[in-house]
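A closer look at the structure
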Amino acid sequence: MSHHLTLHNISHRYTRRGLPVLDDLSLTLDPFEILSLVGPSGCGKSTLLKLIAGLERPTSGSIRLDNEYLTGPRRFLPPEKRNIGLVSQAGDLFPHMTVEKNIAYGLHKWRRASRKDRIIELLETIELSTLAKRYPSELSGGEAQRVALARALAPRPKILLLDEPFSNLDDGLRNRLRDFTFDLLRKSKTSALFVSHHQDDAHVVGDRTISLQKGRITKQA
Amino acid sequence: MILARTTLIFFLLISLLKAAEVRLYSERHYTADKTILAEFTKKTGIEVKIVKAGANELLARMKAEKDAPQADLYLSVDAASLERASNAGVLQKIESPDLSSRLPKGFGPKDDAWLPITMRARVIVYAKDRVKEAEAPKTYADLANPQWRGRLLIRSSTSHYNQSLLASIIASDGKGKALTWAQGVKNNLARPPQGGDRDQVRGVALGQGDLAVTNSYYLGILENSDDEKDRKARESVGVIFPNQDGRGTHVNISGAGIIKGTKNKKEALALLGFLTSPEIQAKYQKLTSEFGVIKDLEREPLQKAWGEFKPDYQSLHELADHQKEAVKLFDLVGWP
Amino acid sequence: MIHFLKQFRALRSHTGLTSAPGVIAGRLLVLILGLILLSPVIFILWGAATGSHGESWPHVKEYLLTPALKTTAILLIGVALVSLLFSLPAAWCLSNYQFWGRRLFSILLILPLAVPPYIAAYITTEARESAIPWLVEIRTNHGIDTYLKAELYHRYAWLIAIMASVLYPYIFLATRSVFAHRSRQLGQAAQLLGAGRWRRFRTIHVPLVRPAAIAGLFLVCMEVLSDYGAAKHFGFNTVTVVIFRTWFGLDELETARFLSGTILAGVLVILILERLQRGRARFGEAHSSIDNLQHTGQSGTLLCWIVCSLPIALGFAYPLVTLIQWQTEHQQNFVLSEYRSEIIRTTLLTLSVALICILISLFFLAFARFTKRRLDQTLAQAISSAGYAAPSTVMAVGVLGVASLSRTFSSENESLQSLLVSGSLIWLLFALTSRYLAVSGQVISAGFQTIPTPLEQSARILGRKPWMVFLTIHLPLLRAPLIGATILVSVDISKELPLTLLLRPFDFETLGTSTYSLVNQGHLFASATPALILIGLCAIGLIIVEFLNRKK
């Protein structure tokens, strides 16, 4: 499944008279592409992801997925209808549900049989089949992030957003998990937008890298 | 040597300068008491130190201090409390023929354990616009009459006044009749007991009940009140002194006992004499609308308007004996 | 011998920062302190399980117990439901929406905590009287039985509403941070996984807020159980009122003790059940800050205002206005000096107990911190919780029992005897400390959690002994929580009534006991003066604590 994401003239500010967090930004994400977004903290990377996910509405600009406007002058599709996945820095696993139930959360519209199969498949992929009935508080950092990834991928999102998902982990683990993740993404042919403040992450992973500074694109590679 | 002598003289002088005093443990808390006690100090130079608390607390305190009493007089608002104190052995006999002679014959405790100071009657009030005087209850027993169902207001059974009332009924009519009475009264309640005596009268004025039981002096307080609502409430009710044809209206006595082992007995007696003097007794009647207890005392106009009444002195002596029983009876009939 | 040494060494390395003898000594001290603090609770439970039930127990059981339990249950359930209703929507609005006046509301919503339940009950007197004509009409038109029922429901409704309106802040405080942080964060994650509003509410928000709501509810229920003045004023015979009556009316301390023991056992069982039901899921702290909140339109703002104002209006504005009205219309002048001794006594009492509580909490928690063992943490928490689980009257009964026991044991030593006389301030301080240790424990424990462990590790490496580390590193960083704990303990104690009434030394009046006795003697309006002073002081304290928390 190939999807094409277009951002057109996105500007965003939090308060009416404040500085713009994003300033007239336009970019595209091509099908099957992994796009890296790098920049120092505070440059607006996380905000951009939130806008794409639909968790915030930009002050101006439009976001289009394939031929549909997610965010436009007259249109705003709420996040739950966008089928865009997000893996956040903190993982945000639901602490009151087991690993299994976490992964199953986005599959509530699926038939029970196919849901079960999908969960087993994902657990195998992230190599955590034995931990299916554990609670998030009983997992290590790396295990939790893998579960977060599986959960985001379960409903086969059109696009996956990754907001510094490996920053909380130590170096060796981070590299391993990073490689694992993007391997998985390429295998499943999912387009992704990957945000990080680690320069080397970007270069290793992304097909393309965009640098962001103070809300503007400074470099594309 | 000179230093020692000077210090000695110094301390002697101090002890002389130390004014005579009388220390009270009192349950009474009216503004009138403040005025009257101040007058006492002015007249005699004896300082009055007063500690106010409830009867239970004071009794527990006096019991704990038996070997080294910290007060001289115990003032209570209820004869039963005084009897309990006497039974606990914390009071000593008054032993003052002068004081005893001021009281009517047969009045007061049999064993001279305490001295009555003021008296209040437990009366029935009725709403003048809803109850005709002819049909208003004339005895406490009438209160249990089923015709009054849902129309009677009376305060909680935790009130000493009600406990004494029931105790007096046990004393004069026996436990069985008392139980029936309590049951009947409880069935007639217009609402579960809330508030104090004054709230019962106000409840009648507001229409929640047609009858209420209250202490006589509250009527005086309402009549003299600055609040118009209070005065209106007083106007709207009539007063009955129950059991005039029988044993008489139940009264509660506010009195004082001298604490055993006190070092200020002289001052205590002086205060007792002061409180039972004709002027002060008249003053109590005026300020608090309580009845004075001494012989040949003229009533206040306000009190005269209530009419003459016969108080029940007989059962006073047995109140303390039946108090615990009374509480149990209240529980039995479900009178909270 | 070698085995012992091996264990010793293992213990030493495991505990990391302290030496094994220190750990053992510390634990011993904790246990001793704990036993002393919990002696009233132990006394009651032991007495209830083994001792006599007192002469009057059959009488109490037959005539008083069942109605009392029923009344108490109705009050507990009613107040629980209504306080949830008052607190949850307001906490939700405040945490999820940005509307004009939001910051003001977040302070105001806490203020009803400054109003003690019994004062809240007193101020409704006149309002309830105004319903009498309507009730009388029911009596004339529908008969006495209907009237009595209506009268009962009317009273229940008022008492439940007014108690909920001053107790809901416990739930509000517990749940608002969950709503603001964790709940929002995870709600967004759920959104991205396709969950709509209702599904999010059902599967994310409700389960997440449940533990916090239950914790808040527990506090609310403890307050209802402990209340004496409010229920009595309304004419309800709750379990606490019955204990009082058995104790004083019947003079039967033993029966009172047995009754207390039963109640205490019940509360402890519920407490343990609550801990167990939390299960394996640990909910943890949120890590992110609040994102910008959604702005509300006009109708949204209005809705938020209604939701937030209702609890404040009933729980703070209404009492305050009524009391001020009483003060100005029925009193000559506001004679603050008349209550000077009460103010001084209240302040000294609360501050002393607060100080003792803080010292004990600091010791327990610092010790647990340094040994890093779950056992010590659990011990500290269990000791404070058990004390709090005893409603005020029950605690009083227990303390008096311990007092008389201690006197019989020390009957040889005269000076010790005089110190332990039941009227002395020591027992009141002891009872209040035992009961409210949990409050300081909670605040200081939260404070400890904000101090990252690397801090003390670096200090240790630089050569400082543990307790120096505590003094120079932890203590300064705990300044805000310490102030907060002092104020919260003080507020709780000044609002407390039964314990103070029962255990206070002779002639010792606090603002609370003065208010109570004035109302008891029929001087309803005169009670406005001490009540206003009390509420004023508590409100100031609460506002200070709120600002301290904001600064973080």
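What comes next concerns the included structure. (Residues numbered from 1 in each chain as written. Chains lettered and ligands numbered in written order. Predicted model: local features only at pLDDT ≥ 70, side-chain atom pairs only at ≥ 80, totals over all residues. Heavy atoms only, no water.)

Moving on, we get to the interface of chain C and chain B. Taken together, the 36 residues of chain C in the interface contact 38 residues of chain B. Between chain C and chain B, the buried area comes to about 3200 Å², and carbon and sulfur atoms account for 49% of it. One can count 4 salt bridges joining chain C with chain B. Between Arg245(C) and Asp331(B) there is a salt bridge; the shortest N-O distance is 2.7 Å. Connecting chain C to chain B are 11 residue pairs in polar contact (both at pLDDT 80 or more). Breaking the side of chain C that touches chain B down by element, the ones donating at least two residues are helix H3 (57-96), helix H6 (125-129), helix H7 (132-142), helix H8 (144-167), helix H11 (229-233) and helix H12 (239-249) of chain C. When residues of the side of chain C that touches chain B are assigned to their parent elements, the largest contribution, 6 residues, is made by H8(C). For the side of chain C that touches chain B, the residue count by class is 14 nonpolar, 10 polar and 12 charged. (Contact = heavy atoms within 4.5 Å. Buried area = accessible area lost by both parts, 1.4 Å probe. Salt bridge = Lys/Arg side-chain N within 4 Å of Asp/Glu carboxyl O. Polar contact = N/O pair within 3.5 Å; in protein donor to acceptor, adjacent residues only side chain to side chain. Helix = DSSP H or I, 4+ residues; strand = E, 2+ residues; numbered from the N terminus. Nonpolar A, V, L, I, M, F, W, Y, C, P; charged D, E, K, R; others polar.)

Residues other than glycine predominantly adopt negative phi, and peptide bonds predominantly adopt the trans conformation. All names here are of chain A. One non-glycine residue, Asn 83, lies in positive phi territory at about 55°. Within the element layout of this structure, Asn 83 appears in the loop between strand S5 (68-71) and strand S6 (84-87). We classify Asn 83 as partly exposed; its relative accessible area is 30%. Non-glycine residue Glu 127 carries a positive phi angle of around 60°. Tracing the sequence through the fold places Glu 127 in the loop between helix H3 (112-125) and helix H4 (141-153). Here Glu 127 falls in the exposed class, since its relative accessible area comes to 58%. (Buried < 20%, exposed > 50% of the residue type's maximum accessible area, 1.4 Å probe, protein only.)

The next point concerns the packing of aromatic side chains. Counting across every chain of the model gives 28 aromatic pairs over all chains. Measuring from ring centre to ring centre gives 6.5 Å for Tyr388(C) and Tyr436(C), while their planes differ by 70°; the resulting arrangement is edge-to-face. Note that Tyr388(C) is positioned in helix H16 (residues 374-388) and Tyr436(C) in helix H19 (residues 425-449), a separation of 48 residues in sequence. Each member of the pair, Tyr388(C) as well as Tyr436(C), is classed as buried. Within the aromatic cluster, the residues linked to one another by ring pairs are Phe241(B), Phe291(B), Trp306(B) and Phe309(B). Sitting over the face of the ring of Phe236(C), Arg155(C) holds its NZ or CZ atom 4.7 Å from the ring centroid. Taking NZ or CZ as reference, Arg435(C) lies 5.1 Å from the ring centre of Tyr436(C), over its face. (Phe/Tyr/Trp six-rings, centres within 6.5 Å; stacked < 30°, edge-to-face > 60°. Lys NZ or Arg CZ within 6 Å of the ring centre and 35° of its normal.)

Here we come to the environment of Arg13(A). Structurally, the position occupied by Arg13(A) is in the loop between strand S1 (5-12) and strand S2 (22-29). With residues near it in sequence (within four places) discarded, Arg13(A) still touches Gly18(A), Leu19(A), Pro20(A), Val21(A) and Thr59(A).

Attention now moves to the interface of chain C and chain A. Listed as interface residues are 24 residues of chain C and, on the opposing side, 26 residues of chain A. Around 2300 Å² of area is buried between chain C and chain A when both sides are counted, 61% of it from carbon and sulfur atoms. Linking chain C with chain A are 1 salt bridge. With its nearest N and O atoms 3.6 Å apart, the salt bridge here joins Arg200(C) to Glu80(A). Counting across the chain C and chain A interface gives 6 residue pairs in polar contact (both at pLDDT 80 or more).

Right, let's get into empty space enclosed by the protein. If you walk through the whole model with that rule in mind, you get 7 cavities of 30 Å³ or more. Lining the largest cavity are 15 residues, and of these Pro117(C), Glu223(C), Lys495(C), Glu496(C) and Leu497(C) lie nearest its centre. Elements supplying a minimum of two residues to the lining of the largest cavity: helix H5 (117-123), helix H10 (197-226), H19 and helix H22 (479-495) of chain C. Partitioned by chemical class, the residues of the lining of the largest cavity number 6 nonpolar, 3 polar and 6 charged. Its volume calculated, the second largest cavity comes out at about 50 Å³. Considering the residues around the second largest cavity, the lining is formed by Glu164(A), Pro165(A), Phe166(A), Ser167(A), Arg174(A), Phe194(A), Ser196(A), His197(A), His198(A) and Asp201(A). Residue composition of the lining of the second largest cavity, by class: 3 nonpolar, 4 polar and 3 charged. (1 Å grid on protein atoms, 1.4 Å probe; cavity = no way out; pocket = protein on both sides within 12 Å on 5 of 7 lines; lining within 4 Å. Points joined across faces, edges and corners; volume = space filled by probe spheres on them.)

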